[in-house]
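Listed here are the chains, written in short residue letters.
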Amino acid sequence: MKLVLASHNKHKIKEIEAVLLRCGITDIELLSLTDVGYEGDIEENGTTFEENAVIKASVPAALGYCGIADDSGLEVDALEGRPGVYSARFAGEPCNDENNNKKLLRELDAVPDGERTARFVSVVAFVDPNHPERNFTVRGECPGTILREERGHDGFGYDPLFYLPELDKTYAQITTEEKNAVSHRGKAMRLFAERYREMSHD
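So, here's what we can say about the structure. (Residues numbered from 1 in each chain as written. Predicted model: local features only at pLDDT ≥ 70, side-chain atom pairs only at ≥ 80, totals over all residues. Heavy atoms only, no water.)

## Examining the side chain of N52
Under the convention used in this document: Numbered from the N terminus, helices here are DSSP runs of H or I no shorter than four residues, and strands are runs of E no shorter than two. Partly exposed describes any residue whose relative accessible area lies between the buried limit of under 20% and the exposed limit of over 50%, with all areas from a 1.4 Å probe on protein chains only and scaled to the type maximum. The term polar contact refers here to a pair of N or O atoms within 3.5 Å; inside protein, the definition further demands a hydrogen-donor-capable atom paired with an acceptor-capable atom, and it admits residues adjacent in sequence only when both atoms are side-chain atoms. Here, two residues are considered to be in contact whenever any of their heavy atoms come within 4.5 Å of each other.
Counting through the fold element by element, N52 comes out in helix α2 (residues 49–62). Relative accessible area serves as the criterion here: at 1%, N52 is assigned to the buried category. A distance of 3.4 Å separates a polar atom in the side chain of N52 from a polar atom in the side chain of D71. The contact partners of N52, leaving out residues within four places of it in the chain, are E44, N45, G46, D71 and V85.

## Considerations on helix α1 (residues 10–22)
Short version of the rule: By definition here, a helix of n residues has an expected span of 1.5 Å times n minus one. The arc refers to the directions leading from the helix axis to the C-beta atoms.
Under the 1.5 Å per step criterion, the end-to-end length of α1 is 19 Å for 13 residues, consistent within 8% with the ideal 18 Å. I13, I16, V19 and L20 are the residues of α1 that are buried. Seen along its axis, α1 keeps its buried residues to an arc of 130 degrees; they face one direction. In α1, the exposed positions angled more than 90 degrees off the buried face are occupied by H11, K14, L21 and R22. Lining the buried residues of α1 we find β1 (2–5), β2 (29–32) and α5 (184–200). For α1, the N-terminal cap is N9; the gap from its side-chain oxygen to the backbone nitrogen of K12 is 3.0 Å. Two residues or fewer past α1, G24 is found with a positive phi of approximately 85 degrees.

## Some details on the packing of aromatic side chains
The cut-off we apply is this: Think of it this way: a Phe, Tyr or Trp ring, Trp meaning its six-membered ring, pairs with another when their centres are within 6.5 Å, and the plane angle makes it stacked under 30 degrees, edge-to-face over 60, tilted otherwise.
As enumerated under the stated definition, the model contains seven aromatic pairs in all. Judged by centre distance (4.4 Å) and plane angle (45 degrees), the rings of F120 and F162 are tilted. Here F120, found in strand β4 (residues 117–127), pairs with F162, found in strand β6 (residues 162–164); they are 42 residues apart in sequence, far enough to count as distant. Comparing F120 with F162 shows no difference in burial state: the two are buried. Measuring from centroid to centroid gives 5.2 Å for F162 and Y171, while their planes differ by 70 degrees, and the two rings are edge-to-face.

## Structural notes on the side chain of N100
Examined against the element boundaries, N100 turns out to sit in helix α3 (residues 97–107). Separated by 2.9 Å, the side chain of N100 and the backbone nitrogen of A91 make a polar contact. In this structure N100 touches S87, A88, R89, F90, A91 and Y158, once residues within four positions along its chain are discounted.

See below:
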C-alpha cells in the first residue's frame, strides 16, 4: 500500500519507515508530500494533537492517497498542559529551541522540583479517502520531569530539559536505541503498526 506522510521531511520518512519495519510492516511504500506533488504548507489550527494530526493526514487524502501524519509536543502539568500544540512556537517569533526553552524555564521558575512533571505526546493519524470508517488516531506518551537547566547535547527542542527518572538521563543524553524504546513517537508508531496490521487483516 502507498501511504503518504504529510511532511516534506525525508529524515522523518526514513525514521518512520525504520519503525514500521521493526514492527514487521513490510507492505507499505511511504511517500512524502513532495513525492506526490504537494508543495504547500499546512495550516495546523487544531486545539489538540489529535485535531492537528487529522488536519495534516487529510491533505494527502484529499489527493486520493491514504494519509498518515503525526503531531507532537510537550505537556507540563504545572502549566495546565501548556505548551501543548503550541510547543514549536511557544515563545513566539522567531521560533527556535533556545527561546522556547528559556520561556519554559521562566514560567516554571517558582514551581518546586517535585511538581515539575510533564510528558511528551505524539499522536499519529491515519486517513483513508476511500474508506473513512478505517480512519483512526493513536497516542503515545512519555512521562518525565522538567529540569532547571539543560543537560546533554543530542536531540532538539525541549530534549535537554526533559528528564527521565528511570534512566537518570534527559532526552538529550539517551542513545537512539533508548529513545526508540521509551519515546512518545516510538510508542505511537508501534500502536499505529498494531492498528494498521489489524485493519489490513479485516
